[in-house]
Amino acid sequence: MTREELIAKIKALAPAAYSSVKKTEETAIEYDELTKFPELKAVIVDLLTSDYGKFIDSIDWVAPKPSTFRINLLNGQSFYLVYTERSWIAEVEGKKYYLLNLPEEEMATKAVARILRYGAKAEAGEGAETEGAEDITTDTETEETETETDIAEL
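Since the structure is predicted, the reported quantities are computational estimates derived from the model, not experimental observations.

**Some thoughts on the pairing of strand β4 (residues 88-92)**
Then, in step 1: Counting buried residues in β4 gives four out of five residues, a clear majority hidden from the surface.
Then, in step 2: In this structure, strand β3 (residues 78-83) lies alongside β4, joined through four bridges in antiparallel fashion. Residue pairing across strands places Val82 opposite Ile89, the latter belonging to β4.
Then, in step 3: Counting the residues between successive antiparallel strands, the hairpin from β3 to β4 contains four residues.
Then, in step 4: As paired elements, β4 and strand β5 (residues 95-98) share four bridges and run antiparallel to each other. Looking across to β5, one finds that Ala90 is bridged to Tyr97.
Then, in step 5: Between β4 and β5, which pair antiparallel one after the other, the connecting turn spans two residues, and Glu93 there sits at a positive phi close to 55°.

Thresholds, definitions, all that
Residues numbered from 1 in each chain as written. Predicted model: local features only at pLDDT ≥ 70, side-chain atom pairs only at ≥ 80, totals over all residues. Heavy atoms only, no water. Buried < 20%, exposed > 50% of the residue type's maximum accessible area, 1.4 Å probe, protein only. Helix = DSSP H or I, 4+ residues; strand = E, 2+ residues; numbered from the N terminus. Pairing = 2+ DSSP bridges.

So this is what it looks like as structure tokens:
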């Protein structure tokens, strides 16, 4: 490969690499916590790639010490990121992953991907979950009425 070919290749790849960095910075402006805590942004990019804006609904600063953040996803699920002296800890569905270790970071990424697969949250009044909840309430009321009748007969 000649010097001119190398320069041409770098000129072709540089705009693509720069656009992804610029896109990440523009998305960070949306979330106030990411501008205040740049380390948090780096961790989220590691877990969700630079397209994290497509998956995150909001970021809540939950506790000051240790700094704890709740990452609310668009499907209604959430996970926590905790900053410690040595590294970040991702808590996904109750399981803690120490992001200092590469295997645990990979497992955390898979766990976040798993909760993203749960799908979109159901709207109020729609779906089988709401109908099932109504049936449970009706069954409970019927059982209480029968119990009160039995006690009154004694």
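Past the structure itself, the notes keep going.
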